[in-house]
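# Examining the three-dimensional arrangement
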Amino acid sequence: MSKTQIPTGGIADDAIDSQHYADGSIDTAFIGNSQVTAAKTSGVAGLVKIHSFSVSSGDASATLTSKFDSTYGIYKIFLYDWNTSADADARLQWVTGTDTVQSGASSYFYAGVGFNTSGQNSAWSGNTDYIRITGETIRNDADEQFAWEGTLYNPSGTTLKKRLVFAGGGRRTSNYTYNGHGTAEWNSTTAITGFKIFPSAGNFDSLSGAIYGVLT
């Protein structure tokens, strides 16, 4: 649109389709800050922010409730600045209803594969009461972090079992950098509303994260 085509009174709030611009690409000299804010919260780049969070040093776990519903069929979970007081692997359990953590014996199936800078394979799998979301033990080191992202499909559905696909990386106990990606299934068709994350040993020194809904 050239400046000669701009209607009297300016551009209407709904004149720009959010599918055609990326976050950070809008010059607030030409449209108002309120329109930029609205664009960010209504689905820039196909993601809608649901929640961000962090833990306090010394927390043993973080439980996020009432974060998934039928509004979106796909959700993205991002975890970063994961640092713990002891060498430990990273674990996840789903939450249903208001705040029920699902920890039934052998209720989760997971498998993944990865590699580290020592040239070693780090494949892992299990059928336990939690999902192990990394194939290596995360090194306890003051300046290291584990980072991870997961995609949860149709958490509110009650016909099919829940599917999580994920990838992440960090520094392992033997001081090698590693990566890993995998998938997990919860052996239930009950709707998921949130999740719990925790290390296998020790407590968190730090952890931050965010949850987004995916526009489809």
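Preceding this section is the structure that the text describes.
Conventions and cut-offs
- Residues numbered from 1 in each chain as written.
- Predicted model: local features only at pLDDT ≥ 70, side-chain atom pairs only at ≥ 80, totals over all residues.
- Heavy atoms only, no water.
- Helix = DSSP H or I, 4+ residues; strand = E, 2+ residues; numbered from the N terminus.
- Buried < 20%, exposed > 50% of the residue type's maximum accessible area, 1.4 Å probe, protein only.
- Contact = heavy atoms within 4.5 Å.
- Areas by Shrake-Rupley, 256 points an atom, 1.4 Å probe, with all protein chains shown as cover.
- Salt bridge = Lys/Arg side-chain N within 4 Å of Asp/Glu carboxyl O.
- Pairing = 2+ DSSP bridges.
- Axes fitted to C-alpha atoms, helices over the stretch in contact; angles between N-to-C directions.
- Phe/Tyr/Trp six-rings, centres within 6.5 Å; stacked < 30°, edge-to-face > 60°.

A few words now on the overall build of the protein chain. In terms of regular secondary structure, the protein chain is built from one helix and 13 strands. In the protein chain, the succession of α and β elements from N to C terminus is α-β-β-β-β-β-β-β-β-β-β-β-β-β. Within the protein chain, the fraction of its 216 residues that count as buried is 38%. Considering only intrachain contacts with a sequence separation of at least 6, the fraction spanning at least 24 residues in the protein chain is 70%. When the accessible area of the protein chain is evaluated, it comes to approximately 11000 Å², of which 47% is carbon and sulfur surface.

With that settled, consider the pattern of salt bridges. Considering all chains together, one arrives at seven salt bridges under this definition. With its nearest N and O atoms 3.1 Å apart, the salt bridge here joins Glu149 to Lys76. Here Glu149, found in strand β9 (residues 146-153), pairs with Lys76, found in strand β3 (residues 74-84); they are 73 residues apart in sequence, far enough to count as distant. Across the pair Glu185 and Arg163 runs a salt bridge whose closest N-O atoms are separated by 3.2 Å. You can see Glu185 sitting in strand β11 (residues 177-186) and its partner Arg163 sitting in strand β10 (residues 162-171), a full 22 residues away along the chain. Accessibility expressed as a relative area gives 21% for Glu185, which makes it partly exposed. Put simply, Asp89, Arg91 and Arg132 are held in one network by salt bridges that share partners.

So, about the sheet that holds strand β6 (residues 108-116). Within a sheet, neighbouring strands are paired by backbone hydrogen bonds and run either parallel or antiparallel to one another. Pairing in this open sheet of eight strands is antiparallel, and the strands run β1-β13-β3-β9-β10-β11-β6-β7 from one edge to the other. A single partner strand is all that each edge strand has here, and the edge strands are β1 (47-54) and β7 (124-128). Geometrically, the sheet is characterised by an average inter-axis angle of 15° between neighbouring strands, direction not taken into account. Alignment of β6 against β11, held across nine bridges, turns out to be antiparallel. Considered in β11, the bridge of Gly112 is made with Gly182.

We now examine the packing of aromatic side chains. Taken as a whole, this structure holds eleven aromatic pairs when the rule is applied. Ring geometry for Trp148 versus Phe166: centroids 5.8 Å apart, planes at 35°, classification tilted. In this pair, Trp148 sits in strand β9 while Phe166 sits in strand β10, placing the two residues 18 residues apart along the sequence. Residue class for Trp148 comes out buried when judged on its relative accessible area of 3%.

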